[in-house]
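# Structural overview
Spelled out from the first residue to the last, the chains are:
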Amino acid sequence: MSALRAAVIGVGYLGRFHAQKYAALTDVELVGVADVNREAAERVAAEVGCAAYADYRELLDRIDVVSIVVPTRLHFAVAREFLAAGRHVLVEKPITETVDEADELIAVARQQGVLLQVGHLERFNPAIVALNGELHKPMFIESYRLTPFRGRGTDVNVVLDLMIHDIDIILNMVQSELVAVHASGVPVLSHEVDIANARLEFASGCVANVTASRVSRDAMRKVRVFQSDGYFSIDYQKRRIAVCRKGGDGMALPGLPGITMKEKGFAESDALRDEIAAFVAAVRTGTSPVVAGEDGRRALAVALQISSCLGGILPG
């Protein structure tokens, strides 16, 4: 089996890690990395053993798959060129700045018969993967994604920077039409909103309460899901899941007759490696990616709804 030729466009903080993961895959040849900062490109290229480019267009005809890890405002233009050239694209989240741009990327990928995957990393967290087949009709979800201020990602608000991860997870869990959004948020250390809360109401009756902050003292990444037959608590950071159910063979909970609990922890994993490996596998097998362009578009549309009604209400 011949190696897939890969490239990474944008080798800042996250792009460097993309390059490292491709370089470590045995069935992939990392052809090059590109960045407008030539020194950064050369530094990462030397680290992973590939060529460095200042102009990503030089790679259009030299590769099969590419990661786009440039600032959000450039996602559309760069990804579109590679898709139009018949290259399979993994673009970091959010997929684009606007829904119309996302629609065009999806259309170009379809026309060219290539894959478009979006970098919603939490889909590859083992605690989230463990929920597959467990959720049937969630009725209430609460999630918290809190981080200290790092100065990265401030070209967009905290909804598009951090909350969009949880939006994608929640939409994938609920699988129902969004009918209303309530939201509030404030800027603290940047010119964009740095802490925000949103209440999402779905046609199924499910309600999700979502909080994201990039100005918190301590980090927290948790989600709790309630449905008629159980309660699930997921800690992304600690890679742990607790499941409480009526009946079952778990540990009995004092004061809660008939309710049992099971807890499970997962070994430390590399979600970015798993994401890129899944992308490469989907390209090889011609199967749909775990997070397709349509998933990224859906998460973006909801994130933009939240952003547009911070402090107010907007119909779904």
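Read on for an overview of the structure. Residues take numbers from 1 onward in each chain, read along the sequence in its written order. Only residues with pLDDT of at least 70 are given local features in this predicted model, and only at 80 or more are side-chain atom pairs given and counted; all residues enter the totals for whole chains, interfaces and linings. Note: side-chain values were computed over all heavy atoms of the structure, leaving out hydrogens and water.

## Let's talk about the environment of Ser204
Residue placement: Ser204 occurs in the loop between β9 (195-202) and β10 (207-213). Ser204 sits 27 residues away from Tyr231 along the chain, and the two C-alpha atoms are 18 Å apart. We call two residues contacting when some pair of their heavy atoms lies within 4.5 Å. Those residues in contact with Ser204, other than ones at most four positions away along the chain, are Lys137, Met139, Val174 and Ser176. Engagement of the side chain of Ser204 in a polar contact is seen with the backbone nitrogen of Cys206, the distance being 3.4 Å. Put simply, DSSP H or I for four residues or longer makes a helix, DSSP E for two residues or longer makes a strand, and each gets a number counted from the N terminus. For the purposes of these results, a polar contact is taken to be a pair of N or O atoms within 3.5 Å, where, inside protein, one atom must be able to donate a hydrogen and its partner to accept one; residues adjacent in sequence count only when each atom of the pair is a side-chain atom.

## A look at the pattern of salt bridges
Any carboxyl oxygen of Asp or Glu within 4 Å of a side-chain nitrogen of Lys or Arg constitutes a salt bridge here. Following the criterion strictly, the structure yields 26 salt bridges and no others. Arg38 is the salt-bridge partner of Glu42, the closest N and O atoms lying 3.1 Å from each other. In this pair, Glu42 and Arg38 both sit in helix α2 (residues 38-48), four residues apart, roughly one turn of the helix. For every residue, the accessible area obtained with a 1.4 Å probe (protein chains only) is divided by the maximum for its type, and the residue is called buried under 20%, exposed over 50%, and partly exposed between those limits. For Glu42, a relative accessible area of 42% puts it in the partly exposed group. Residue class for Arg38 comes out partly exposed when judged on its relative accessible area of 39%. Between Asp218 and Arg217 there is a salt bridge, and its shortest N-O distance comes to 3.1 Å. Accessibility expressed as a relative area gives 75% for Arg217, which makes it exposed. In this structure, a network of salt bridges that share partners links the residues Lys93, Asp161, Asp194 and Arg214.

Honestly, it's all geometry; don't read function into it.
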